[in-house]
Structure formats: structure tokens, C-alpha cells
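Given next are the chains, with one letter for each unit.
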Amino acid sequence: MQLIIGNKAYSTWSLRPWLILKRCGARFEEVMVPLNRADTAEAIARYAPAGKVPALIVDGVTIWDSLAIALWCDEQFPEAGLWPADARARAVARAAVCEMHSAFGTLRTELGMGPQHTMTSISDTPHQPGEALKADIARMLALWMDAKARFGAGGPWLFGTWSIADAFFTPVAARFRHFGIALSGHGDDGTAQAYCEALLSQPDYLEWERAGRAETGT
Ligand SMILES: N[C@@H](CCC(=O)N[C@@H](CS)C(=O)NCC(=O)O)C(=O)O
């Protein structure tokens, strides 16, 4: 099984299925395709029909898109408990993952990751969000605080046990940290900040971060 990923320093979409595969204890080979190069499109096209990473190749079948890989992992590794056991929590966790996957466009662009803005570093200049980004941040924090209050009180994760939702929000925590977004200025009561710290101190994330640092020599 091969997981095709982009640079660990800044490929946010690649991080998500990587974290999930690690949680499952899956054995997989990583194939890193460097992004932002003249030959990137050609290199990705060798593996992934949609021209994007991540992609998972299993027994000759290519699963492209981070969410499709997450769903495949849930089917293959039911013992990993990748979705919450409680049906209500599970329904909300799935809605949160779908929202992360399909919305928050301004957050992705304005807090974009790339060679100059990596998950493994902190920008010298805190970013001053515009109105659209403020709305995305407020929505993100409201989602997190609501999920924690209803399903994740007393533990570090949004829905009780670690889930696909926590994998999908890990790169967001890294974006907030890199761009110096003070969550208290966007309606956080401390819950979101603590959640970000929990995400960014998971051993699997730290392993990814170390590899990202090695890529960039930082
Ligand atoms: N919705 C896709 C998004 C994947 C995506 O946008 N990947 C970026 C890297 S993080 C990519 O492959 N970009 C191609 C390029 O930079 O040439 C997913 O969830 O897998």
C-alpha cells in the first residue's frame, strides 16, 4: 500500500490521511511528490488521476482525495474506532468533516501553506485577518466549541475518542499557530486554544512535523 503525499512541511491535505493511517496501525509506504515545482503536475499524474495529492494505492486501486481515503480506512480498520461510537456524535462528526472538506475557502487561501508558510514554523508577522477570514475563524471556533461541549467534554478531542474529525482539523491548528492567530480575539473561551495544543502535541503529528523540518532544514 502506498500513500502519495506532498511535502510534509506544508501539504495540509496529505497530513490528514497520513494521521489516520498511523492511527489504524496500517503498514504503508510513503511516496513524496514535491509540490510547487515545474514538474509537479507531471509527477502527480503518474499516481493520481485528479492531479492532486494525497492518493492511496491499494492492490492496484487508486483512492484519490483525503476524505475517500479516510472512509476506506474506517471500513478496513473498524477496530480503530475512527468515528465516534455514539450515533449522534458520529452524525455531527461526519458533518464537521464534510464542512472542513468543502468549506472554509478563505481560511485556506488567506492562511495558505506553502514553501514560505509551513506547518512547522511560526511566521514573524502575525496575520491580520480580513472580514471574510474573521467569519471563517469564528465559524471554525463555534464548530469546535459546540462539539467539545456536547460530545468531547473532559477530554482533548472533539467527539470523545480521537476521530477522523481530529485528523481533519490538525492542519487548521498548524495554520493558526503559524500565522499567529490569537483565538481569544475571535470568540474562543480557551477551548479552541487547548484543542489546537492537543492536536499539535500528538506523537503522530510531531513525527510528521519532524520530517517537515528535515525537508526544510529548519
Ligand atoms: N480535496 C482534495 C484536495 C487535495 C489538494 O488540494 N492537494 C494539493 C496539495 S495539499 C495538491 O495536490 N496540489 C497540487 C499542486 O500543488 O500542484 C483532498 O482532500 O485530497
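Cut-offs applied
Residues numbered from 1 in each chain as written. Predicted model: local features only at pLDDT ≥ 70, side-chain atom pairs only at ≥ 80, totals over all residues. Heavy atoms only, no water. Helix = DSSP H or I, 4+ residues; strand = E, 2+ residues; numbered from the N terminus. Buried < 20%, exposed > 50% of the residue type's maximum accessible area, 1.4 Å probe, protein only. Contact = heavy atoms within 4.5 Å. Areas by Shrake-Rupley, 256 points an atom, 1.4 Å probe, with all protein chains shown as cover. Domains from an automatic or database assignment. Buried area = accessible area lost by both parts, 1.4 Å probe. Salt bridge = Lys/Arg side-chain N within 4 Å of Asp/Glu carboxyl O. Polar contact = N/O pair within 3.5 Å; in protein donor to acceptor, adjacent residues only side chain to side chain. Phe/Tyr/Trp six-rings, centres within 6.5 Å; stacked < 30°, edge-to-face > 60°. Lys NZ or Arg CZ within 6 Å of the ring centre and 35° of its normal. Near = heavy atom within 4 Å. Nonpolar A, V, L, I, M, F, W, Y, C, P; charged D, E, K, R; others polar. Disulfide = S-S within 2.5 Å. Pairing = 2+ DSSP bridges. Expected span 1.5 Å × (residues − 1). Arc of directions from axis to C-beta.

K.L.:
An account of the overall build of the protein is needed here, citing residue identities and associated values.
P.N.:
If you tally the helices and strands in the protein, you get nine helices and four strands. Its helices and strands taken in sequence order, the protein reads β-α-β-α-β-β-α-α-α-α-α-α-α from the N to the C terminus. If one aligns the C-alpha atoms of the protein with their principal axes, the spans along those axes are about 45 × 40 × 30 Å. Out of the 218 residues belonging to the protein, those deemed buried represent 49%. When contacts within the protein are restricted to residue pairs at least 6 apart in sequence, long-range pairs at least 24 apart make up 74% of them. Carbon and sulfur atoms make up 52% of the accessible area of the protein, which amounts to about 9800 Å² in all.

K.L.:
Describe in detail the domain arrangement of the protein, supporting the description with residues and values.
P.N.:
Here the protein is described as being made up of domain 1 (2–80) and domain 2 (87–204). Every contact between the two is made by 19 residues of domain 1 and, on the other side, 22 residues of domain 2. Counting the surface lost from both domain 1 and domain 2, the interface buries some 1900 Å², and carbon and sulfur atoms represent 71% of this. In terms of surface lost to domain 2, no three residues of domain 1 exceed Tyr10, Arg16 and Arg23, which account for 31% of the buried area on that side. Taken together, the connections running from domain 1 to domain 2 amount to zero salt bridges. At the junction of domain 1 with domain 2, the criterion picks out four residue pairs in polar contact (both at pLDDT 80 or more). Of all the secondary structure elements, the ones that give two or more residues to the side of domain 1 that touches domain 2 are helix 1 (12–24) and helix 3 (66–76).

K.L.:
Run through the packing of aromatic side chains, naming residues and quoting values.
P.N.:
In the structure shown here, the tally under the stated rule is seven aromatic pairs. Taking the centre distance of 5.0 Å and the plane angle of 75° together, the rings of Trp144 and Tyr195 count as edge-to-face. With Trp144 in helix 6 (residues 131–152) and Tyr195 in helix 8 (residues 191–200), this residue pair connects regions lying 51 residues apart in the sequence. By relative accessible area, Trp144 is classed as buried at 0%. For Arg16, the ring lying beneath its charged end belongs to Trp13, and the centroid distance is 4.2 Å.

K.L.:
Run through the site of the ligand, naming residues and quoting values.
P.N.:
Residues in contact with the ligand, as listed here, are Ser11, Trp13, Leu35, Thr40, Ile44, Gly51, Lys52, Val53, Pro54, Asp65, Ser66 and His101. Between Ser66 and the ligand, the recorded distance is 2.5 Å, taken from a side-chain N or O atom to an oxygen atom. Between His101 and the ligand, the recorded distance is 3.2 Å, taken from a side-chain N or O atom to an oxygen atom. Burial of the ligand by the surrounding chains reaches 75%, relative to a free accessible area of 520 Å². Tallied by class, the residues present in the shell around the ligand amount to five nonpolar, five polar and two charged.

K.L.:
Can you explain helix 8? Please cite residues and give values.
P.N.:
All of the buried residues along helix 8 are Ala192, Tyr195, Cys196, Ala198, Leu199 and Leu200. On its buried side, helix 8 packs onto helix 6, helix 7 (164–178) and helix 9 (203–216).

K.L.:
Describe in detail the state of the cysteines, supporting the description with residues and values.
P.N.:
What the rule picks out here adds up to zero disulfides. Free cysteine Cys73: the closest other cysteine sulfur is in Cys24, separated by 4.6 Å. The class of Cys73 is buried, set by a relative accessible area of 0%.

K.L.:
Which residues make up the pairing of strand 4 (residues 61–64), and what are the values?
P.N.:
Sheet topology note: the strand 3 (residues 55–58)/strand 4 ladder contains four bridges and is antiparallel. Among the inter-strand pairings, Ala55 is bridged to a residue of strand 4, identified as Trp64.

K.L.:
Break down helix 4 (residues 87–102) for me, citing the residues and quoting the values.
P.N.:
Between its first and last C-alpha atoms helix 4 spans 22 Å; for 16 residues at 1.5 Å apiece the expected length is 22 Å, and the two agree. Turning to helix 4, its buried residues number three or more, namely Ala89, Ala93, Ala96, Val97 and Met100. Axial view of helix 4: buried residues confined to an arc of 95°, hence all on one face. Facing away from the buried side of helix 4, by more than 90 degrees, are the exposed residues Arg88 and Ser102. Its buried side turned inward, helix 4 meets helix 1, helix 3, helix 5 (105–110), helix 6 and helix 7. Among the residues of helix 4, the N-terminal cap falls to Asp86, whose side-chain oxygen and the backbone nitrogen of Arg88 are separated by 3.2 Å.

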